[in-house]
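# Overview (structure and organization)
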Amino acid sequence: MDREEILRRSRAEKEDEGNTYLENRGRRAGFYGLCAMYIALLAFNCWTEQPSESVLALFTSYLAAEAWGQYRAGGRRLFLILSLLLAGAALLNLAIYVRGVLG
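Small disclaimer: the values here were computed from a predicted structure and weren't measured. (Residues numbered from 1 in each chain as written. Predicted model: local features only at pLDDT ≥ 70, side-chain atom pairs only at ≥ 80, totals over all residues. Heavy atoms only, no water.)

Attention shifts here to a nonpolar patch on the surface. On the surface, a cluster of nonpolar side chains totalling about 600 Å² of accessible area is made up of Leu91, Leu94, Tyr97, Val98, Val101 and Leu102. Looking at where leucine 91 falls in the secondary structure, it is placed in helix α4 (residues 77-102). Looking at leucine 91, the relative accessible area reads 58%, which means it is exposed. (Patch = residues over 30% accessible without salt bridge, like charges linked within 9 Å, V, L, I, M, F, W, Y side chains within 5 Å. Areas by Shrake-Rupley, 256 points an atom, 1.4 Å probe, with all protein chains shown as cover. Salt bridge = Lys/Arg side-chain N within 4 Å of Asp/Glu carboxyl O. Helix = DSSP H or I, 4+ residues; strand = E, 2+ residues; numbered from the N terminus. Buried < 20%, exposed > 50% of the residue type's maximum accessible area, 1.4 Å probe, protein only.)

Our next topic: the state of the cysteines. What we call a disulfide is simply a covalent bond connecting the sulfur atoms of a pair of cysteines. Within this structure, the stated rule accounts for zero disulfides. Left without a disulfide partner, cysteine 35 is nearest to the cysteine sulfur of cysteine 46, which lies 18 Å away. Under the relative-accessibility criterion, cysteine 35 is labelled buried at 19%. (Disulfide = S-S within 2.5 Å.)

A few words on the packing of aromatic side chains. Taken as a whole, this structure holds five aromatic pairs when the rule is applied. Where phenylalanine 31 meets tyrosine 32, the ring centres are 6.1 Å apart and the plane angle is 55 degrees; that geometry is what we call tilted. Ring geometry for tyrosine 38 versus phenylalanine 59: centroids 4.0 Å apart, planes at 15 degrees, classification stacked. In this pair, tyrosine 38 is assigned in helix α2 (residues 17-47) and phenylalanine 59 in helix α3 (residues 53-74), connecting sequence segments 21 residues apart. The two residues tyrosine 38 and phenylalanine 59 agree in class, both being buried. Site record: aromatic cluster; members linked through ring pairs are Phe31, Tyr32 and Tyr62. (Phe/Tyr/Trp six-rings, centres within 6.5 Å; stacked < 30°, edge-to-face > 60°.)

Tracing the backbone through its elements, the reader meets serine 52 in the loop between α2 and α3. Among the polar contacts listed, one links the side chain of serine 52 to the side chain of asparagine 45, at a separation of 3.3 Å. (Polar contact = N/O pair within 3.5 Å; in protein donor to acceptor, adjacent residues only side chain to side chain.)

As structure tokens, then:
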């Protein structure tokens, strides 16, 4: 394969590896930020004796979506099972939170 054919195929894909790399780095940094905020909110809620179901619902729903995406991309059943369990935990935490707010 010559240089021109490689360039032509690369342009035809319309996907820039540099942008993909930056997006992945950004997602990783965002995940670490989310984890740090999750821990901070849990610690604060524990310290002030506040319920944490809303924070738990948000975090487990994010993890469920992450696992679902990995299942769709790779097809591993472990990620399917994990996503379903995490989605169930998210819904349970949401139900507990709503019940606590509404009485």
